[in-house]
Amino acid sequence: MFKVAVVGAGPAGLQTAIRLKELGVDVSVFEEHESIGVPEHCTGLISRKGVEELGLHLGDSLQNTIKGAKIFSPSGNMIKVKTKEPVAYVVSRKEFDSILLRKARLIGVHVSTETKLIDVRNNTLFIQNQKRGELRKADIVVGADGVNSTVRHLIGIKTNKEDFIHTIQTTCTGEFNPDFVEVHLLDYTKGFFAWVVPISKDKAKVGLGSKLGDNISEALKKFISEKLKNARPYRYESSLIPCGEPLQGLTKDNLVLIGDAAFQTKATSGGGVIFSMKSANILAQTIADTLNKKATLKDYEKRMKDLNKELKLHYKIRRYANSLTPQEIDELFVKLKNKGIEEFLEKEGNMDEPSKFVGKLLTNPAYFTMLGTAIKFMTA
Ligand SMILES: Cc1cc2nc3c(=O)[nH]c(=O)nc-3n(C[C@H](O)[C@H](O)[C@H](O)COP(=O)(O)OP(=O)(O)OC[C@H]3O[C@@H](n4cnc5c(N)ncnc54)[C@H](O)[C@@H]3O)c2cc1C
């Protein structure tokens, strides 16, 4: 019997397992796919600050270093934020996850691939291992099983269709500025945006998200043909991003959720790698304390308070952005730019922690009147 079974070998599951093992807890990871990190449903844009705080070694996964962003309104008005120092990294998720896997195995975490969780009853896990049914035992089961989590279903948490964004991404060859990511707010990317994240000056990850039910393949073709004239796409991947509020009630009996399964993603950008790994450290410590009778699993959510504060703020910003019409966004871009938003964001911007600058922005007399309705969303 394992002390802890982790379901899913993405960043959330592997980081939870690594931290647990470092804390002396017997842990095993079950991953349904044959290879870790594939299919690659991720752009791999992660903040430099997050990488440093987590002490991550990017090694061969590092594809590019980013020094700013160009954000376009629906009619093409641009806000450009340029930083002196690199603000983010682009990584290959296949390589990134492989580095975590190697680290986990090196310290003695047992990781089984082609092993899919089907059900959990008390301490018994029903597993499908290369099509064979098997039983495993564990004291605690961690659901790090991503956006369509089975463990979330077993806990009984209901989600809304509106809280998921349907995405499609391709890799394009063409001509790109390797220093800047591009974000395009378009009238056909409802509730989200299109992105261009350069890997080099002649290759970029290009993708788009919109609400469920929209034809995202056609939308991406339209975006590429209209905005990226010389880009040649190859290899498409489609997936979901949880874009709702971070879920509550993440534990039930011996089950607990982490990462995309728990909606620990930034609703503004869909980024979840850094937050899921920070949450994993908190969860692993709570599990170790629980096994040592110094805490209970329920303490995990209390200890998530600071991270949840940021995630909730991302969600409020998303709701505010979604409340604006394309025309209102166009007008806002012009007004904000005239009032020096680019310089403000260059100085104060923060990819992961909006609390560091949203308060300053909304109480700044230069922006107060034009962002009046935003206050309603931020204080709701
Ligand atoms: C198009 C797109 C672009 C993105 N871009 C970025 C970005 O630039 N930066 C960023 O930070 N985030 C990005 N994200 C989000 C990021 O990919 C996720 O937040 C992150 O992968 C969450 O990690 P996780 O470990 O929770 O889930 P996952 O990485 O999804 O891992 C879950 C694992 O569980 C396994 N699994 C599922 N069910 C079972 C089961 N029943 N049994 C066993 N195994 C199971 C899956 O195979 C998978 O390996 C993007 C997402 C998408 C869709």
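Residues numbered from 1 in each chain as written. Predicted model: local features only at pLDDT ≥ 70, side-chain atom pairs only at ≥ 80, totals over all residues. Heavy atoms only, no water.

## Regarding the site of the ligand
So, step 1. Lining the immediate environment of the ligand, one finds 36 residues, of which Glu 31, Leu 45, Arg 93, Leu 117 and Asp 260 sit closest.
So, step 2. Glu 31 places a side-chain nitrogen or oxygen 2.6 Å from an oxygen atom of the ligand.
So, step 3. In this structure, a nitrogen atom belonging to the ligand sits 3.1 Å away from a main-chain N or O atom of Glu 32.
So, step 4. Burial of the ligand by the protein amounts to 89% of the accessible area it has alone, namely 1000 Å².
So, step 5. Elements represented by at least two residues in the shell around the ligand include exactly helix H1 (11-22), strand E3 (45-47), strand E9 (115-121) and strand E16 (232-242).
So, step 6. Here the shell around the ligand spans two domains, and each of domain 1 (2-44 + 92-159 + 247-303) and domain 2 (67-91 + 161-242) adds at least three residues to it. (Near = heavy atom within 4 Å. Polar contact = N/O pair within 3.5 Å; in protein donor to acceptor, adjacent residues only side chain to side chain. Areas by Shrake-Rupley, 256 points an atom, 1.4 Å probe, with all protein chains shown as cover. Helix = DSSP H or I, 4+ residues; strand = E, 2+ residues; numbered from the N terminus. Domains from an automatic or database assignment.)

## What about the pattern of salt bridges?
So, step 1. Going through the model one piece at a time under the given rule, you end up with 22 salt bridges.
So, step 2. Its salt-bridge partner being Lys 3, residue Asp 139 comes within 3.3 Å of it at the nearest N-O pair. Pair noted here: Asp 139 is in strand E11 (residues 132-143) and Lys 3 is in strand E1 (residues 2-7), with a separation of 136 residues, a long-range link.
So, step 3. Overall, the relative accessible area of 24% leaves Asp 139 in the partly exposed class.
So, step 4. Two residues, Arg 93 and Asp 97, come together in a salt bridge whose shortest N-O distance is 2.9 Å. Of this pair, Arg 93 and Asp 97 both sit in helix H3 (residues 93-106), 4 residues apart, which is roughly one turn of the helix. (Salt bridge = Lys/Arg side-chain N within 4 Å of Asp/Glu carboxyl O. Buried < 20%, exposed > 50% of the residue type's maximum accessible area, 1.4 Å probe, protein only.)

## A closer look at the pairing of strand E6 (residues 78-82)
So, step 1. On E6, burial follows the alternation: Ile 79 and Val 81 on one face are buried, whereas Met 78, Lys 80 and Lys 82 on the facing-out side are not.
So, step 2. In this structure, strand E5 (residues 68-72) lies alongside E6, joined through 5 bridges in antiparallel fashion. Paired with Ala 69 across the strands is Val 81, a residue of E6.
So, step 3. Between E5 and E6, which pair antiparallel one after the other, the connecting turn spans 5 residues, and Gly 76 there sits at a positive phi close to 100 degrees. (Pairing = 2+ DSSP bridges.)

## A short note on the side chain of Ser 112
So, step 1. Inspection of the secondary structure puts Ser 112 in strand E8 (residues 110-112).
So, step 2. Assessed through its relative accessible area of 11%, Ser 112 is described here as buried.
So, step 3. When near neighbours in sequence (up to four residues on either side) are disregarded, Ser 112 contacts Val 29, Phe 30, Glu 31 and Arg 136. (Contact = heavy atoms within 4.5 Å.)

## Considerations on the domain arrangement of the protein chain
So, step 1. According to the domain assignment, the protein chain contains domain 1 (2-44 + 92-159 + 247-303), domain 2 (67-91 + 161-242) and domain 3 (315-378).
So, step 2. Relative placement of domain 2 and domain 3: their C-alpha centres are 21 Å apart.
So, step 3. Every contact between the two is made by 19 residues of domain 2 and, on the other side, 15 residues of domain 3.
So, step 4. Buried surface at the junction of domain 2 and domain 3, summed over both partners, amounts to about 1300 Å²; 67% is from carbon and sulfur atoms.
So, step 5. Its largest share of buried area at the contact with domain 3, domain 2 owes to Pro 74, Ile 79 and Val 81, together 33% of the area lost on that side.
So, step 6. Between domain 2 and domain 3 we count 0 salt bridges in total. (Buried area = accessible area lost by both parts, 1.4 Å probe.)

## Remarks on the packing of aromatic side chains
So, step 1. Using the criterion set out here, one finds 5 aromatic pairs in the structure.
So, step 2. Members of the aromatic cluster, each reached through a chain of ring pairs, are Phe 192, Phe 193 and Trp 195.
So, step 3. The residue whose ring lies beneath Lys 70 is Phe 180, and the NZ or CZ to ring-centre distance is 5.2 Å.
So, step 4. Its end group placed over the ring of Phe 126, Arg 121 keeps NZ or CZ at 5.6 Å from the ring centre. (Phe/Tyr/Trp six-rings, centres within 6.5 Å; stacked < 30°, edge-to-face > 60°. Lys NZ or Arg CZ within 6 Å of the ring centre and 35° of its normal.)

## Focus on the packing of H1 against H3
So, step 1. One can describe the packing of H1 onto H3 by two numbers: an axis separation of 9 Å at closest approach and a directional angle of 20 degrees. It follows that H1 is roughly parallel to H3 by the angle criterion. Here H1 and H3 pass one another in a crossing that is left-handed. From H1, Pro 11, Leu 14, Gln 15, Ile 18 and Glu 22 reach across to H3, where they touch Arg 93, Phe 96, Asp 97, Leu 100, Leu 101, Lys 103 and Ala 104.
So, step 2. In terms of residue class, the contact of H1 with H3 is built from 7 nonpolar, 1 polar and 4 charged. (Axes fitted to C-alpha atoms, helices over the stretch in contact; angles between N-to-C directions. Parallel < 35°, antiparallel > 145°, perpendicular 65-115°, else oblique. Left-handed = near helix turned anticlockwise from the far one by under 90°. Nonpolar A, V, L, I, M, F, W, Y, C, P; charged D, E, K, R; others polar.)

## Remarks on the nonpolar core
It is characteristic of soluble globular proteins that their nonpolar side chains tend to be buried jointly.
So, step 1. Residues Val 4, Ile 46, Phe 96 and Leu 125 are the most contacted members of the largest nonpolar core, which totals 67 residues.
So, step 2. At 10 residues, the largest contribution of residues to this core is made by helix H6 (residues 273-291).
So, step 3. Residues from two domains meet in this core; each of domain 1 (2-44 + 92-159 + 247-303) and domain 2 (67-91 + 161-242) gives at least three.
So, step 4. Val 4 has contacts with Leu 20, Val 25, Asp 26, Val 27, Ser 28, Ala 138, Ile 140, Val 142, Ile 287 and Leu 291, leaving out every residue within four places of it along the chain.
So, step 5. Within the second largest apolar cluster, 22 residues are counted, among which are Tyr 320, Phe 333, Phe 357 and Met 378. (Core = buried A, V, L, I, M, F, W, Y, C linked by side-chain atoms within 4.5 Å.)

## Some points on the sheet that holds E6
Strand pairing in a sheet relies on backbone hydrogen bonds, with the paired strands running either antiparallel or parallel.
So, step 1. Spatially, 7 strands are ordered E6-E5-E13-E14-E15-E12-E16 in an open sheet, and the strand pairing comes out mixed. Taken across any chain shown, the strands that pair with only one partner, and hence form the sheet edges, are E6 and E16. Averaged over all neighbouring strand pairs, the angle between strand axes comes to 15 degrees, with direction disregarded.
So, step 2. In this structure, strand E12 (residues 164-173) lies alongside E16, joined through 10 bridges in antiparallel fashion. Opposite Phe 164, over in E16, you have Pro 242 as the bridge partner.

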